[in-house]
Amino acid sequence: MNDSMLNYTINDVEALWPKINRTYKFDSTEQRSIPCNATDAGSEYNIMFRMDKDQAKALYEAMARAYADKKEANWPAKLAFPFKKDEDGTYTHKAKLKGAYGTEVTRKPMQVDSQGVKLADDFLLTTGSTVNIATTLAPYIMGKDAGVSLRLRAVQVVKYKPMEEKSPFGVIEGGYVSQEDNPFKKVDEPIAEPKKVESKKPAKEKVEDNDLSAIVDNWDD
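Note that the structure is predicted; figures quoted are calculated from it, not measured. (Residues numbered from 1 in each chain as written. Predicted model: local features only at pLDDT ≥ 70, side-chain atom pairs only at ≥ 80, totals over all residues. Heavy atoms only, no water.)

Asks: Describe in detail the confidence of the model for the protein, supporting the description with residues and values.
Replies: In regions of low pLDDT, the predicted coordinates are not meant to be interpreted in detail. On average, residues of the protein score 86 in pLDDT, and 79% of them reach the 70 mark or higher. In this model, residues 203-209 is a region of pLDDT below 50 whose contacts with residues beyond four sequence positions or in other chains number nine contacts. (pLDDT = per-residue confidence, 0-100. Contact = heavy atoms within 4.5 Å.)

Structural data, given as structure tokens:
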């Protein structure tokens, strides 16, 4: 498989907590991602995304093929199921890019609009926007952990969801009402970004049948 075959674009998915305008790292003290320098440990650009079952199956198939092409004798026979399945039947996953590899700083992922025009360098993508995500499939093995990472290359904004200001106040019946639009008008609560939780990964099952078509057919078992 050549480099061009490793490129994969995920179309029409929902952006979740995108951090592409600059590099971020997870701060264990604050229990959240914070801005950082590209060369800091743990520095990365990343975007979570939500997809439906068909989109998830197509992505898994592409990842499984990349894994099978790269796999060596000491790798697990089957690509472990990489997505989180939500109660509504959708799936979430993440694409990311390290801020630097060693001392070499990576190129910031490009963001473009629906016409392919490059967006401002400080453009802030929002949760709930519909996007296309260009990635490179990168099979890897680290100790006993093997998989396929999605290296973030670029994001195209198909539909942008404007950021809303949330009022810190409730409604006071009978109080003063401005004739102008209220910037503190009550809006729906934003989706909270989940805290990072370390969890033990389940042991990978030994798979005797390494036929790729069989693996893909049973991708969500």
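Asks: Tell me about the nonpolar core, residues and numbers included.
Replies: Counting residues in each nonpolar core, the largest one holds 34 residues, and the members touching the most others are Ile47, Phe49, Leu125, Ile133 and Leu152. At the level of elements, strand E1 (7-27), strand E3 (44-51), helix H1 (53-70), strand E5 (91-98), strand E9 (130-142) and strand E10 (145-159) are the ones that each hand at least two residues to this core. For this core, the leading source of residues is H1, giving eight residues. Apart from residues no more than four positions distant in its own chain, Leu125 is found in contact with Ala15, Pro18, Ile20, Ile47, Gln111, Val131, Val155 and Val157. (Core = buried A, V, L, I, M, F, W, Y, C linked by side-chain atoms within 4.5 Å. Buried < 20%, exposed > 50% of the residue type's maximum accessible area, 1.4 Å probe, protein only. Helix = DSSP H or I, 4+ residues; strand = E, 2+ residues; numbered from the N terminus.)

Asks: Please give an account of unusual backbone geometry that cites residues and values.
Replies: Positive phi outside glycine occurs at Trp17, with the angle close to 45°. Even without a glycine there, the phi angle at Gln31 is positive, about 55°. When you line up the elements, Gln31 lands in the loop between E1 and strand E2 (32-35).

Asks: Explain the packing of aromatic side chains residue by residue, including any values.
Replies: Within the structure shown, the criterion is met by four aromatic pairs. With centroids separated by 5.7 Å and ring planes inclined at 70°, the aromatic side chains of Phe81 and Phe83 adopt a geometry described as edge-to-face. Residue Phe81 is classed as partly exposed on the basis of its relative accessible area, which comes to 34%. Measuring from centroid to centroid gives 5.5 Å for Phe123 and Tyr160, while their planes differ by 50°, and the two rings are tilted. Of this pair, Phe123 sits in the loop between strand E8 (110-112) and E9 while Tyr160 sits in the loop between E10 and helix H2 (212-217), and the two are 37 residues apart along the sequence. Grouping aromatic residues by their ring pairs yields a cluster made of Phe81, Phe83 and Tyr91. (Phe/Tyr/Trp six-rings, centres within 6.5 Å; stacked < 30°, edge-to-face > 60°.)

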